[in-house]
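So you can see what is in the structure, the chains are spelled out below.
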Amino acid sequence: HTEVVNWFDKFEAEDFAKLGHVADEDIVLEAGSLPQFPSSMCATLKKLGLQVEIQRAKLNLFGDFVVCRKGKPINAEQSKMLVHLGVKLVKFRAT
């Protein structure tokens, strides 16, 4: 019984931030090449507010893009962008 309780006390898993979660850090994409995204995501990223264009079969971001700001609630578009970036801001704990 004690082992199980200890395991749950120590258990922690990272997860993506959902709508309304308050960001605990600034996440900013700097202008320039976006090698983490295939060029096929151009339309998706534009819908999320990024100023991107395809140049030489690669995505380029024109101007820095603030994904989220520390202390501010995350909206639906920001939540989607964090998933696309693979950034997990939430820590799940069993209490």
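Everything that follows concerns the structure shown earlier in this document.
The rules behind the values
Residues numbered from 1 in each chain as written. Predicted model: local features only at pLDDT ≥ 70, side-chain atom pairs only at ≥ 80, totals over all residues. Heavy atoms only, no water. Helix = DSSP H or I, 4+ residues; strand = E, 2+ residues; numbered from the N terminus. Buried < 20%, exposed > 50% of the residue type's maximum accessible area, 1.4 Å probe, protein only. Polar contact = N/O pair within 3.5 Å; in protein donor to acceptor, adjacent residues only side chain to side chain. Contact = heavy atoms within 4.5 Å. Pairing = 2+ DSSP bridges.

Caption draft 1: Local environment of the side chain of Asn-60. Considering the arrangement of structural elements, one finds Asn-60 in strand β5 (residues 58–61). For Asn-60, a relative accessible area of 15% translates into the label buried. Within the structure, Asn-60 has its side chain in polar contact with the side chain of Gln-55 (distance 3.0 Å). Excluding anything up to four places from it in sequence, Asn-60 contacts Gly-32, Ser-33, Gln-51, Val-52, Glu-53 and Gln-55.

Caption draft 2: Structural context of the environment of Leu-29. Among the structural elements, Leu-29 can be located in strand β2 (residues 27–29). Remark: the alpha-carbon pair of Leu-29 and Leu-85, spanning 56 residues in sequence, is separated by 9.8 Å. Filtering out sequence-adjacent residues up to four positions away, Leu-29 remains in contact with Gln-36, Leu-50, Leu-61, Asp-64, Phe-65, Val-67, Met-81 and Leu-85.

Caption draft 3: Region of interest: the environment of Glu-25. Tracing the chain through its elements places Glu-25 in the loop between β1 (12–15) and β2. Separated by 63 residues in sequence, Glu-25 and Lys-88 have C-alpha atoms that sit 11 Å apart. Setting aside residues up to four positions removed in sequence, Glu-25 forms contacts with Cys-68, Arg-69, Lys-70 and Leu-89.

Caption draft 4: The pairing of strand β4 (residues 52–55), seen in detail. Sheet topology places β4 next to β5; 4 bridges connect them, and they run antiparallel. Considered in β5, the bridge of Val-52 is made with Leu-61. The antiparallel hairpin formed by β4 and β5 contains 2 residues in its connecting segment, where Arg-56 sits at a positive phi of about 55 degrees.

Caption draft 5: Fine view of the side chain of Ser-79. By secondary structure assignment, the location of Ser-79 is in helix α3 (residues 76–85). A polar contact is formed between the side chain of Ser-79 and the backbone oxygen of Ala-17, at a distance of 2.8 Å. Excluding residues within four positions of it along the chain, Ser-79 makes contact with Ala-17, Lys-18, Leu-19 and Ile-74.

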